Amino acid sequence: YEIELMFCEPINSKKQIADAGAKQKGNTESQRIFTVFINGYPYLQKFDIEKDYGSVIAITKKFEIKVDSDNGISIDFQKIQGKPILNAVKITKIW
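Now for a quick tour of the structure. Predicted, not measured: the structure shown is a model, and the values here were computed from it.

### Observations regarding the sheet that holds strand β4 (residues 59-64)
Logical step 1: Read from one edge of the open sheet, three strands run β4-β1-β6, paired in antiparallel fashion. On the outer flanks of this sheet lie β4 and β6 (88-92), each paired with one strand and no other. Neighbour-to-neighbour, the strand axes of the sheet open up by a mean angle of 15°, direction not taken into account.
Logical step 2: When strand β1 (residues 2-7) meets β6, the two strands line up antiparallel, connected through five bridges. Its bridge partner lying in β6, M6 is registered against A88.

Next comes the structure, spelled out in structure tokens:
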């Protein structure tokens, strides 16, 4: 199967910090960091959308996986900071 996971960080933490008048310069901590597991394997580790791609930008991550006929597909998230986010998922069977 081909798994496509679509993400977009809707919150610009750098702008939030500036708008709040933060006095700590360089405090641009991301809102969310997480690990994505597909069938128990960590495909995206310490995934930080804002740091890697910026905010309000749609990105797609594609993975090919093999599935045992009885087990199906599971997608799980491990929170490191903030709440994990997933905007869409597309699963395509590859023949």
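What follows picks up the thread again.
### Observations regarding the environment of V67
Logical step 1: Tracing the chain through its elements places V67 in the loop between β4 and β5 (75-81).
Logical step 2: When its relative accessible area of 27% is taken as the criterion, V67 is described as partly exposed.
Logical step 3: Residues V67 and N39 lie 28 residues apart in sequence; the distance between their C-alpha atoms is 8.4 Å.
Logical step 4: Discounting chain neighbours no more than four positions away, the residues touching V67 are Y1, N39, G72 and I73.

Calculation notes
- Residues numbered from 1 in each chain as written.
- Predicted model: local features only at pLDDT ≥ 70, side-chain atom pairs only at ≥ 80, totals over all residues.
- Heavy atoms only, no water.
- Pairing = 2+ DSSP bridges.
- Helix = DSSP H or I, 4+ residues; strand = E, 2+ residues; numbered from the N terminus.
- Axes fitted to C-alpha atoms, helices over the stretch in contact; angles between N-to-C directions.
- Buried < 20%, exposed > 50% of the residue type's maximum accessible area, 1.4 Å probe, protein only.
- Contact = heavy atoms within 4.5 Å.

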